[in-house]
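# Results of the structural survey
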Amino acid sequence: MRQRRLRIVAATAVAALIALAGCSSNNGNSGGSGGSGGPAEITFWQSQFEPYQQKWFKTYVDKFNASQTDVKVKYQVVPGDTWQQKLKAAQAAGTQPDVATTNYGGIPAGVANGQFAELDKLLPGKAWSDIKSNVGGFVQVDGKHYAYPMLVEPSTVLYYRTDLVKAAGLDPNAPPKTWDELLTWAEKLTKGKVKGMSIASVATDLGWSSWGLQYNACGHLPINDDWSAANAKDPCYTKLFEFYQTLFQKGWIPQQPKVGYPDATPYGQGQVAMMANGSWAVGQLKQTFPAMIKNTAVAPFPSVDGDPSKPTATLGGWTLTVDAKSKHKEAAAKFIEYLLAGDPAIMADFFRQSGFSKYTVRTSVDQALAGDPAATADPFMKIISDKVVATGKAEPAYPFDISLAFATAIESVMKGKSDIPTATQKASDAIDRVIKQQRLKGTAPKG
């Protein structure tokens, strides 16, 4: 998804805005029962994604409606650029949807503003126990579940050209494990007009794409756990700054990239030999650059010290939530259970339709995919699922201003505009200002 990050950043702010609008309404949710003895009618709004997703959602909404007589789902696709306006207006009028797609980053703010219903008593225990252990906390606030997860997309995977790797005298079956080894590969793979790799190099992309590497370098992000103060000057970040700085100043990555981090076009067109990108790049390569697949391999992004258990990616993605003012919470939960938490074959079909560019959050779906010939034949799925998703961390819930402050420091060091101490001091000061101005101290959500 090329606009994935924009949606996530926007949705975090949107959650607060629409929840406040909802609080001003005394009306319950619309979508009556259809009369005495009739089915409970619920509305489901889906943010518009790739075309195959709309087709998949409609197929299974229709199947759910046909499978029983207790609940009828009215399905509506809402374009991302009008989502905020439509949902805010619906909140004010008391006609908000019973069920909606919500990204992980929007959950804490929505819960804080009373937007989402608690789901623990609405879904069976087996639904929660099926969720992978490193993902369960993504949908919890203060130990309670407020969403059911649908998928994850790791932010950082290493893609590399096996033919170019061989030509450079490197072993494509032994990808780099450390940042130093990756730098060596980038140097050896930089030949002529082909750069060694691509990676984010501007603050707006670095702000989110480097989260996993921030965790990898230090085990934490550049703010205290309780959001009381900046933690950007920790010396462990030095290696992170030096890593980006070396790639850029040695000329091993494009100096003026024409596209943003989420776009795999430079790799697909042969301009770079390796690429740091999210799992969504698999879909772009398969759809737009299919000839490149046979010469492409993937691996977990290297760790600062070679430890494969440390995270190198954060996991973005989508969930379904039930509106706190819904008159039909049980019916809404029944639909969510059917679609996301029921027969593993349903979600297995979704991942098949995605070209295995998105990844399941459920153990039972992993097991279903293990028996799917298309899944087992995919050259990327198992590596990303087992070695990247398994160690991924949640995206931070704090305002993106904080991420941008730290990313600005990375870019300034990367491009020789500042030294590390000066850059991290500026980042620390900027983060502390955000904390004070937005009154963030002590507001960090608890999983």
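Cut-offs applied
Residue positions are counted from 1 within each chain, in the order its sequence is given. Residue-level local features of this predicted model are given only where pLDDT is at least 70; pairs of side-chain atoms are given and counted only at 80 or more, and the full residue set underlies all totals for whole chains, interfaces and linings. Hydrogen atoms and water are omitted, and side-chain values are computed over all heavy atoms in the structure. We call a residue buried when its accessible area falls under 20% of the maximum for its residue type, exposed when it is over 50%, and partly exposed in between, using a 1.4 Å probe and counting protein chains only. The helix count covers DSSP runs of H or I at least four residues long, the strand count covers runs of E at least two residues long, and both are numbered beginning at the N terminus. Criterion used throughout: strands pair if DSSP finds at least two bridges between them. Note on handedness: a clockwise path from strand one over the helix to strand two, with the strands aimed away from the viewer, defines a right-handed crossover. Stacked, tilted and edge-to-face pairs are distinguished by plane angle, under 30 degrees for stacked and over 60 for edge-to-face with tilted covering the rest, among Phe, Tyr and Trp rings (Trp via its six-membered ring) whose centres lie within 6.5 Å. We count a charge as sitting over a ring when the NZ of a lysine or the CZ of an arginine lies within 6 Å of the ring centre and within 35 degrees of the ring normal.

Where an unreviewed UniProt entry is consulted, the protein chain appears under the name Carbohydrate ABC transporter substrate-binding protein (CUT1 family), with the organism given as Kribbella pratensis.

## Re the pairing of strand E1 (residues 40-47)
Within E1, seven of the eight residues are buried, which leaves the element mostly enclosed by the surrounding structure. The sheet contact formed by E1 and strand E2 (residues 71-78) spans eight bridges and is parallel. Bridged to Ala40 within E2 is Val71. As a crossover connection, the stretch from E1 through helix H2 (residues 51-67) into E2 is right-handed. Note that E1 and strand E3 (residues 99-103) share two bridges and pair parallel. Residue pairing for E3: Phe44 is matched across the bridge by Val99.

## Brief notes about the sheet that holds strand E12 (residues 314-316)
Judged by pairing direction, the sheet is mixed, and its three strands sit side by side in the order E7-E12-E14 without closing on themselves. Only two strands of the sheet have a single neighbouring strand rather than two, namely strand E7 (153-154) and strand E14 (393-394). In terms of strand pairing, E7 meets E12 through two bridges, oriented antiparallel. Bridge pairing in E12 links Pro154 to Leu315.

## Section: the packing of aromatic side chains
Under the criterion given, the structure shown has 23 aromatic pairs. With 5.5 Å between their ring centres and 80° between their planes, Phe241 and Phe406 make a pair best called edge-to-face. One end of the pair, Phe241, is in helix H10 (residues 238-249); the other, Phe406, is in helix H18 (residues 400-414), and 165 residues separate them in sequence. For Phe241, a relative accessible area of 0% gives the class buried. The buried category is assigned to Phe406, whose relative accessible area is 0%. One aromatic cluster in this structure is built from Phe44, Tyr52, Trp56, Phe57, Tyr60, Phe64, Tyr75, Phe335, Tyr338, Phe350 and Phe351. Directly above the ring of Trp45 sits Lys86, whose terminal nitrogen or CZ lies 5.6 Å from the centroid. Sitting over the face of the ring of Tyr215, Lys393 holds its NZ or CZ atom 5.0 Å from the ring centroid.

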